Structures are given as C-alpha cells and as structure tokens.
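Here are the chains, one letter per residue:
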Amino acid sequence: MALSLNGFLVVILGLSCLMIAYGGNFHQDFDITWGDQKAKIFNGGQLLSLSLDKSSGSGFKSKQEYLFGRIDMQLKLVGGNSAGTVTAYYLSSEGPTHDEIDFEFLGNLSGDPYIVHTNVFTQGKGNREQQFYLWFDPTKNFHTYSIVWNTQQIIFLVDNTPIRLFKNAESIGVPFPKNQPMRIYSSLWNADDWATRGGLVKTDWTKAPFTAYYRNFNVQTCSPHSCTSNSTSSISNGAWQSQELDAYSRRRLRWVQKNFMIYNYCTDLKRFPQGLPAECR
C-alpha cells in the first residue's frame, strides 16, 4: 500500500524524519532481563518464549527506546488453566514520573475467556483502566496486539481492530505522554492475589510451567532525530502518524466497546465520587 500524500506530508512536515527499514530479530532488538533459562529465543531470533513456574517468571525488554510510533507483536497466550497468571506487554519510561501504555492479559480457568486489561500512565499517574474480553481464543493461535502512539492519541489494537482510544486532552489539563522515550517490556508472572476473579482463583502449580510465545515484532517509530521501521506489513507505511481513525475503524471500536468491554474507569462513579477524571467528561 503506497503512502498517501497526506501521510507523506505528515512525515515530512510534522516530524521531519526519514523512514529506514530493517529486519526485526529478538536477538538484535531485545534483552532477556530476568527468569534465568525461562525466557528463550529460538528459530534464529524469530520466536521468543516466556515461562513461569513456582520459582520464577521471566521477562524481556527492548534495547531501543521509542518516542512515538506503532508497535506490533504477535502473542500466543498461556493455554489451559492459566488462572493467576499475567502476561504483560507494555511501553514504559523510567523514574517516579514515568509514562506507560499497558496491555495485560489476565489468565483464566480453562474454558473461560481471557481478560485484556489496558491502562495509560502519564507522569507517574495511572488509574485509567479499561478491560475487555476477546472475541476469539488467544491461546490457540498467534494474534497481533498493537500500540499506536502519536502526538494526538494512543490507540490499542487487536488484529488491527481498535479496542481503545486515549486522546491528547492537554487542552483541558490532562497530561499526555509525549516527552519521555519508552522501551518495550514483556513479562509472565504470578499475580494470583488479584488477576483472576479478584484473587479468588489461585494459580494451579500442577499445570506449570506456563508458557507464552512471541513472534513477528514490528516497529515504526520516530525519535527527535530519525524515524525507523522494521515492518513490511500493509498496515504500516506511515499510517500510524494519521491523527484520526477512519470511519470503518470507528465502527469497529464501537463494536468492541459495546460487546466486549467489561470495565471502564470513565463510568465508575463509585470510584470517583468527587467527579470523573477530566478526560472522561
């Protein structure tokens, strides 16, 4: 798909940076950060797995930091009885006033749906949770989970379907993550004090090790000095820099939020008795 004229002008005028293509590889792009031998890279750097047992979980992070961009990763989540486990996949800066953009996949009893937990932190403050069920079994096959982050908005996508939109609301005093570069992180860990039915269902360690798989990492990103891309898919080519969802994507977003959203902080009046956060209003 060719880059549109508008997209080209956004690249040249808005960001003044050059797109450079390169091949994504887990050996080249990520460091294993914890878990001893429970995190593994194989297939020549094309596949990565994280595992969890009673002794430890595991995790990795990107070698590069990114300031704006589109991040795509295909995951196949822990199958069977994964209650108590959390597979986290997120962007984060460092420090007490860090910014963060979260996907967290909350494990389940066999046959029950996974919950996708999303959150956005700005200047160290989160509490912006939205949760969804998925419309497919995320343990049977790989599915693509994407974060689009530009100066106007953050979009969470599943198989290129938007599930959540967090717009830049600085005009009404809501901080927006735009100054702190972030790394990509992922981890598989035990959170049976809260992950499944609020902690009522504990991890069944007889089912361990629990394993999640990752492949087809793609990124398009701009820093203050350059843009880079390792994506060859038709969903890239500068489209992440667009400032608005098109009509089809808006319909898909409404479909997901109507049928699969199970929690939205913007409707939780009990949690915010003094009034909903400004971006909700």
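As the structure is a computational prediction, the values presented were derived from the model and not from experiment.

Regarding the overall build of the protein
- Check the secondary structure of the protein and you find three helices and 16 strands.
- Looking at the protein residue by residue over its 281 residues, the buried ones come to 52%.
- For the protein, the computed accessible surface area is about 13400 Å², with 51% contributed by carbon and sulfur atoms.

Some remarks on the environment of Lys54
- Residue position: Lys54 is located in the loop between strand 3 (47-52) and strand 4 (58-62).
- By relative accessible area, Lys54 is classed as exposed at 66%.
- When the C-alpha positions of Lys54 and Trp189 are compared, they lie 9.7 Å apart, and in sequence the two are 135 residues distant.

Observations concerning the state of the cysteines
- Applying the stated criterion to the full structure yields one disulfide.
- Bridging Cys266 to Cys280, the disulfide has an S-S length of 1.9 Å. On the sign convention where negative is left-handed, the bridge of Cys266 and Cys280, at about -75° about the S-S bond, is left-handed. Here Cys266 is found in the segment after strand 16 (261-264), whereas its partner Cys280 is found in the segment after strand 16, with 14 residues between them in sequence.
- Looking at Cys266, the relative accessible area reads 18%, which means it is buried.

Notes on the pattern of salt bridges
- Under the definition given, this model contains six salt bridges.
- Here Lys38 makes a salt bridge to Asp53, at a shortest N to O gap of 3.8 Å. You can see Lys38 sitting in the loop between strand 1 (30-34) and strand 2 (39-42) and its partner Asp53 sitting in the loop between strand 3 and strand 4, a full 15 residues away along the chain.
- When the shortest N-O distance is used, the salt bridge between Glu129 and Arg271 registers 2.7 Å. Note that Glu129 is positioned in the loop between strand 8 (115-121) and strand 9 (130-133) and Arg271 in the segment after strand 16, a separation of 142 residues in sequence.
- Residue Glu129 is classed as buried on the basis of its relative accessible area, which comes to 14%.
- We classify Arg271 as partly exposed; its relative accessible area is 31%.

Re the nonpolar core
- The biggest cluster of nonpolar side chains holds 57 residues, and the ones touching the most others in it are Phe103, Tyr145 and Trp149.
- Val86, Leu106, Ile115 and Ala195 belong to the second-largest nonpolar core, a separate cluster that totals five residues.

Overview of the environment of Thr122
- Along the chain, the position of Thr122 falls in the loop between strand 8 and strand 9.
- Judged by relative accessible area, which is 2%, Thr122 ranks as buried.
- Thr122 sits 21 residues away from Ile101 along the chain, and the two C-alpha atoms are 8.9 Å apart.
- At 3.2 Å, the side chain of Thr122 and the side chain of Arg128 are in polar contact.

Notes on the side chain of Ser187
- For Ser187, the position within the fold is in strand 13 (residues 183-190).
- Under the relative-accessibility criterion, Ser187 is labelled buried at 10%.
- Apart from the residues within four sequence positions on either side, Ser187 is in contact with Trp34, Leu50, Ser58, Gly59, Val86, Thr87 and Ala88.

Considerations on the UniProt feature "active site" (unreviewed entry) in the protein
- As annotated by UniProt and renumbered to match this structure, "active site" (unreviewed entry) occupies Glu100 and Glu104.
- Structurally, the position occupied by Glu100 is in strand 7 (residues 100-106).
- When sequence neighbours within four positions are dropped, the list of residues in contact with Glu100 reads Tyr90, Leu91, Ser92, Asn119, Val120, Phe121 and Met182.
- Here the side chain of Glu100 touches His98 through a polar contact of 2.9 Å, side chain to side chain.
- Looking at the secondary structure, you find Glu104 in strand 7.
- Glu104 sits in the buried class, given a relative accessible area of 13%.
- The contacts of Glu104, once residues within four sequence positions are left out, are Val86, Thr87, Ala88, Ile115, Val116, His117, Trp189 and Trp194.

Concerning helix 3 (residues 247-259)
- Taking 1.5 Å of rise per residue, 13 residues should cover 18 Å, and helix 3 covers 18 Å from first to last C-alpha, within 8% of that figure.
- Each element contacted by the buried residues of helix 3 is listed here: strand 9, strand 12 (161-167) and strand 16.

Cut-offs used in this document
Residues numbered from 1 in each chain as written. Predicted model: local features only at pLDDT ≥ 70, side-chain atom pairs only at ≥ 80, totals over all residues. Heavy atoms only, no water. Helix = DSSP H or I, 4+ residues; strand = E, 2+ residues; numbered from the N terminus. Buried < 20%, exposed > 50% of the residue type's maximum accessible area, 1.4 Å probe, protein only. Areas by Shrake-Rupley, 256 points an atom, 1.4 Å probe, with all protein chains shown as cover. Disulfide = S-S within 2.5 Å. Salt bridge = Lys/Arg side-chain N within 4 Å of Asp/Glu carboxyl O. Core = buried A, V, L, I, M, F, W, Y, C linked by side-chain atoms within 4.5 Å. Polar contact = N/O pair within 3.5 Å; in protein donor to acceptor, adjacent residues only side chain to side chain. Contact = heavy atoms within 4.5 Å. UniProt positions renumbered as here; feature names shortened; annotations may be inferred. Expected span 1.5 Å × (residues − 1).

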